[in-house]
Amino acid sequence: MRKHRMLALCSLLGVLFAGLLPKLDAQEEAQESADLVLLIDGSENVGAANFPRVRDLAMKVIEGLDVGRDTIRVAVALYSADPEVQFFLNTYENKAAVLDAVKAIQFTGNNEANLGAALEKVAESLLSPASGGRAEEGVPQALVVISAGPSNDDFSAGDRALKAASVITFGVVVGGTATAELETIATDKSFVLSAPDFRAVASMGDQLLPYVNGVAQGTIVILNEFTEALEVGKRDIIFLIDSTMGATTINSLREFIKRFVDTMPIGPDQVQVGVAQFSNAARLEIDLNSYGSKEDLNAALGRLKPRPGQMVNIGVALDFVRTNMLRAEKGSRIQQGVPQLVLLMTSKKSSDSVGQAAEALQRMGVLTLAAGSKTADEQELKQIAIDENLVFMLKDFRILLHNPRMIVSLLSTLSGVVVTEEPTEPVVEITTVQTQRVVRDIVFMVDGSSYIGGANLPYVRDFIVGVVNLLDVRPDRVRIGLMQFAENPKIEFYLNTHKTKKDVLARVDQLRLMGGSALNTGAAMDYALTNMFQASTGSRKRQGVQQVLLLITGGPSQDEVKKIADKVAVAGVLTFTVSAGQADEAYLKTVAFVPNLAYHESRFSSLPSVVEQIMTPLITVVGDTDISVTDIEITKEPAVAGGERDVAFLIDGSDNIRADFPYIRDFIIKVIEPLDIGQDRVRISVVQHSERPAPNFYLNTYKDKAEVLRAVNDLRLAGGRSLNTGMALKFMKDTILSPVHGSRAAQNVPQFLIVLTGGKSKDSVKESASALKTDGVVPFGVGVKDADPKQIEAISHNPSFAFNVKEFSQLNMVQQRLNSYVSLPNEELKVILDQASVHAYAISVHTDAVKRDIVFLLDGSDGTRSGFPAVREFIQSIVGKLSVEENRDRVSVVQYADKPEAHFYLNSHKTKDAIINAISKMRHKGGRSLNTGAALQFVRHRVFTASSGSRRLEGVPQILILLTSKKSRDDVKGPAVALKDLEIVSLGVGVGDANVRELEMISFQPGFTYQVTEFSELPTIQPQLVAALKSLSKDTEESVAPGIPDVTPGIPDLVDAAQRDIVFLLDGSDDTRSGFPAMLGFVQRVVENVNVGENKDRVSVVQYSRNPEAHFLLNTYPEKQSVLSSIRSLKHKGGRPLNTGAALQYVKDNVFTSSSGSRGQEGVPQILILLSGGRSQDDVGGAAVALKQNRIVPFCIGTRNADILELQIIARFPSYALSVPWFDDLESIEQQLLSLVKRVPRQPKVYQRTVVGKELFLYLSSLAI
């Protein structure tokens, strides 16, 4: 009786990610061919008048290429409302014909520019073999997008398809409105070229041409999928290669295997690799245990040579592997249960029989895969592979260098054994799973909200694909259904919609998230029960088939889930949960059928690794479908330790905000959505006020989140003519935040008050606000429209807790920051509040006479015309906070574009009213270009001078506030340094497309830069800017504490300290393995830029994951070369979890000590530089406080996976916490870090001072704005 092979257990840990390499090592054959598509904006963004210029650019690029059938093929398409293909890659075979066709292209024009649809067209049609695409032959494919405006549709799907196909994408943007889009679409941001206007477009050809030629010549490639594969299990992998395929193919396969080896954890206890070649006979090249390291293995692979031959005997070769290589003495660990994989690669049909040899391998439990090209017999390969899905037919093996995804993924993750079965009594040769026949109905329920978002959808999709790939999908075995949900559910397909695995996977690949900011998980589960698990939609529950619901989510639900989960369980459905991000791991364990069917990862990128964990229970666990309600334990949602909060909202309920009240409702919902609401966790109260307060509900009114959200949604405006916010604040203190109405202040539960108002209070708020703060309440003030910023600041715990926006529609800029504070763990909250208290004290002690000369330098170019009224208002609001008099603050305003122009000088106006009046009369200057360097020179030579009213020679602080919206066309570095030489303190405000690096270069120090996306958002940074100005005064230094040097940053000392003790604390956990070389390179470059010596700068390096380990101490090496040599020799530590708190405590107790070389007692600056790639699994707050109390100055650098709030807690000041997307980007913040490090001054003796019953330790640079 015929046996059917099946894969009993295999797991896909996930898809490896793409990485860009500007240049690869030279290959055997230079590649002089490419497929090029020019995709041109044909909408009214370009217009008929400018289209010839764009067309000329296309022609100039084509003229510089070697166009031909076998060299570079060219296709052109226009896009507007719809993409319009002008000609395909195979339409013309010579350059002259292509140029004639381009010259004949006419502008059609349309108001819409649907770039997304055009990108999909390119991916699906223009680059396909039918259109002349040669990707399957290993020819690189490139796309140049020429755009003059933002897309009107979503381009993510097309972008994703192009990247998946390894298309190298470049961009040319005219103007600045589409820059961000093209940087997203381009393979690398540096591949986007920018032309200021259409007149400059033609000149872009010379810049673009080297890129396109680089693709054709193979100097620019995408190296897909070959990044480090973390947590790859033990496996023995044998590559069985047809040696008759010729030098070119063998060399390509050799390179493919070497790159694969580079991604694997090679070693006798990890991954082992063997290689054999064959023609009519087989030849051993490398045994599994021949080489125990990547270096030795790659060196051996480099010696691999093709062998001549005309015929191949694949059966003989398979028998050779079985009898000669899969033996214990040859390194095989098959007897230990380690997966054995053989990948056959051939270009010919075998001359001998392969059936018996293939079956012999399968009986041993070997997982065989087969790849063929040219004349290889696909049916023969299917006979060899353990499953038809593990056969790959390629037009040319060289394509593996560009698109290795599927084979690399399977080699990295395939595990288990081969099971053979017969229709009746199955025969199991080797098995790890007892069930040979899996019959299930499985519904995937996917979170379609912004908690997952487009950036994380690929990981979710890879997880689903990984699971489905390992199931036997067909109507009589496993059926698959798919739905998504946010606030409402949406069915993608039912259990009986698709009959084959191929159809299911194709539909999953098309999945697009529905969007939404809130999750109703309970409602979605109920919907799934009543709509997906029905006989009419494919459910086989009545036939006894196990029903499975697999919930995938990234955020907390706003409705009740547990009761619905119990209902689902009662109906006989097994619920699995897979979560990441902000999802509540503990709560989801109560949602799953049993807690161990709940799987959680902190990062979405780790979701594909869950496939291996979930597969066995997914196909084996059985739920009792006859459970009664009493059989199910109704568990109470566990309270998170330390997560208790009392949060009260006091909102404007007056008639003046009637039209905007929906924004207020939405604001409250967005703030509380992520909170863990419950009577033993976070309690919520809402009170409206006008002439008098009117409570909507108290802290103890509602018991769960669903009730609270329902109450907020039902809020109706109370009404009233005016606001008495002071009276309302007193009511909040005496009534709302009292034990009788649910306050838990007596149990030390943090008390938060969020005050939101759209107008000025008629009564005083100062006394009531002070009383609240004295009682330990933390108030936040949010002012909108006509609210008085002074009142908002007075209400708030400190100025940084005060927020002002111009319109209610802008409240979304505030809610996330509020939620971040309210959600902080208690220890971290205490650190933030303590730091804020110190800042507030420093500001409060010098409210009297201050002297400053302040110059505003404003971008007046054409791009700021519409936003200039907002700029005027912003400047007026700042001047309103100053003490303007001849002997106090003086103000000047300069506007610039091509050239600068002073509106008035420092000695032009003597009163605040006169200055505000002069600002109100300013008119926008205009001008096409922006020469910021020239403007800086102007203020230095013409404004900060005695004749213009500057008091620099009298020691009065000189302050420049630059506001700009784009990158300067001239050099700013020289003028910026010249300003600093005169000790002029520059603060930079960037709007929209302003260049952050340029701003930081101009600013006196990096922390003196502020960024907003729109001019209307300028009021949101006003409190921080004003607070910074208040700290920059000569009187500050003298009035805080006579005899104690600078307790505020003031104007930092520019003189580089002669000595420093610098400790690098490096994240050495498993998650940083691939980024560790970049981390070491960064450390080396920093060390190169400091003055290492026994009596100069000393350096130490500590690496940590679960535990810390010092590589060398501060007194280990007295010379720079010894330090650098030791850094170069560092090996990645590995391990998990990441315990940053323990590592901070370690460096404090063991490295920053006299015995380890620390000179802290001598006043030498103690500097810690932390590099982190993830969130700590232990508490960092206590250790961070201890470091700062020991006068250690921490700087923190985190990647996108690190917790920036956590880093700000650790850092000496929030501005000392820096962020980069990846460790490869560390170079971008190198100079910024060095600038900050070199300005850390020597430390004086600690002074202790008592203020309002609290002890504050003040020392040099202990405060920051």
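As the structure is a computational prediction, the values presented were derived from the model and not from experiment.

### A word on the sheet that holds strand β21 (residues 573-579)
Then comes step 1: With mixed pairing, six strands are arranged side by side in an open sheet as β19-β18-β17-β20-β21-β22. Since the sheet does not close on itself, it has two edges, and those belong to β19 (489-493) and β22 (598-600), each with one partner. On average, each strand axis in the sheet is tilted by 20° relative to the strand beside it, whichever way the strands run.
Then comes step 2: Looking at chain direction, strand β18 (residues 478-485) and β19 are connected through four bridges and run antiparallel. In the sheet register, F485 faces β19, and the bridge partner there is P489.
Then comes step 3: Contacts from helix α15 (residues 521-531) reach β17 (440-447), β18, β19, β20 (546-553) and β21 within the one sheet, and its direction differs from that of β18 by about 145°.

### A look at the packing of aromatic side chains
Then comes step 1: Going through the model one piece at a time under the given rule, you end up with 11 aromatic pairs.
Then comes step 2: Seen from their ring centres, F51 and F107 are 5.5 Å apart, and the 50° between their planes marks the pair as tilted. Pair noted here: F51 is in helix α1 (residues 51-63) and F107 is in the loop between α2 (95-103) and α3 (115-126), with a separation of 56 residues, a long-range link. Neither F51 nor F107 differs from the other in exposure class; each is buried.
Then comes step 3: An aromatic cluster is built from F170, F191 and Y211, whose rings are joined through pairwise contacts.

### Concerning the confidence of the model for the protein chain
Then comes step 1: Taken residue by residue, the protein chain gives an average pLDDT of 82. The fraction at 70 or more is 87%.
Then comes step 2: The secondary-structure element of the protein chain with the lowest mean pLDDT is strand β42 (residues 1254-1258), recorded at 33, while β17 shows the highest, at 96.
Then comes step 3: Residue range residues 837-849 is modelled with pLDDT below 50. Its contacts to residues more than four positions away, or to other chains, number 25 contacts.
Then comes step 4: For residues 1034-1057, every residue scores under 50 in pLDDT, and the model assigns this stretch 53 contacts once sequence neighbours within four places are set aside.

### Let's talk about the packing of helix α9 (residues 314-325) against helix α10 (residues 355-364)
Then comes step 1: For the pair α9 and α10, the least separation of the axes is 8 Å and the interaxial angle reads 25°. Regarding the angle of α9 to α10, the classification is roughly parallel. The element α9 and its partner α10 pack so that their crossing is left-handed. Every residue of α10 that contacts α9 at G315, L318, D319 and R322 is listed here: A357, A358, A360, L361 and M364.

### Re the sheet that holds strand β15 (residues 391-394)
Then comes step 1: Overall, mixed pairing links the six strands, which are arranged β12-β11-β10-β13-β14-β15 in an open sheet. Both edges of this open sheet fall to β12 (282-286) and β15, since each of them pairs with a single strand only. Neighbour-to-neighbour, the strand axes of the sheet open up by a mean angle of 20°, direction not taken into account.
Then comes step 2: By the bridge criterion, six bridges tie strand β13 (residues 340-346) to strand β14 (residues 367-373) in an arrangement that is parallel. By the bridge assignment for β14, L344 is matched with A370.

### Regarding the pattern of salt bridges
Then comes step 1: Counted according to the given criterion, the structure contains 47 salt bridges.
Then comes step 2: Through salt bridges with shared partners, a single network forms among R603, D1070, D1071, R1073 and R1136.

### What to know about the nonpolar core
Then comes step 1: Formed by 70 residues in total, the largest nonpolar core has its most connected members in L36, L39, V74, V102, L119, L143 and V144.
Then comes step 2: Once residues within four sequence positions are removed from consideration, V102 is found in contact with R55, A58, M59, I62, V76 and F87.
Then comes step 3: The next biggest cluster of nonpolar side chains, apart from the first, holds 66 residues, and it includes I250, V275, L318 and A371.

### Digging into unusual backbone geometry
Then comes step 1: Cis geometry is found at the peptide bond from R1136 to P1137, where omega equals 5°.
Then comes step 2: Relative to the helices and strands, P1137 is located in the loop between α34 (1120-1128) and α35 (1140-1151).
Then comes step 3: The residue S166 is not glycine, and still its phi comes out positive at about 65°.
Then comes step 4: Tracing the sequence through the fold places S166 in the loop between α4 (156-164) and β7 (168-174).
Then comes step 5: What makes S166 buried here is its relative accessible area of 11%.
Then comes step 6: A positive phi angle, near 55°, is found at K374, a position not held by glycine.
Then comes step 7: Here K374 lies in the loop between β14 and α11 (378-384).

### Observations regarding the packing of helix α13 (residues 453-469) against helix α18 (residues 610-620)
Then comes step 1: With their axes 10 Å apart at the nearest point, α13 and α18 run at an angle of 40° to one another. One finds that α13 runs oblique with respect to α18. Pair α13 / α18 crosses with right-handed handedness. Along its contact with α13, which presents F463, G466 and V467, the element α18 presents V610, V611, I614, M615 and L618.
Then comes step 2: Counted by class, the contact of α13 with α18 contains seven nonpolar, one polar and no charged residues.

What counts, and at which threshold
- Residues numbered from 1 in each chain as written.
- Predicted model: local features only at pLDDT ≥ 70, side-chain atom pairs only at ≥ 80, totals over all residues.
- Heavy atoms only, no water.
- Pairing = 2+ DSSP bridges.
- Helix = DSSP H or I, 4+ residues; strand = E, 2+ residues; numbered from the N terminus.
- Axes fitted to C-alpha atoms, helices over the stretch in contact; angles between N-to-C directions.
- Contact = heavy atoms within 4.5 Å.
- Phe/Tyr/Trp six-rings, centres within 6.5 Å; stacked < 30°, edge-to-face > 60°.
- Buried < 20%, exposed > 50% of the residue type's maximum accessible area, 1.4 Å probe, protein only.
- pLDDT = per-residue confidence, 0-100.
- Parallel < 35°, antiparallel > 145°, perpendicular 65-115°, else oblique.
- Left-handed = near helix turned anticlockwise from the far one by under 90°.
- Salt bridge = Lys/Arg side-chain N within 4 Å of Asp/Glu carboxyl O.
- Core = buried A, V, L, I, M, F, W, Y, C linked by side-chain atoms within 4.5 Å.
- Nonpolar A, V, L, I, M, F, W, Y, C, P; charged D, E, K, R; others polar.

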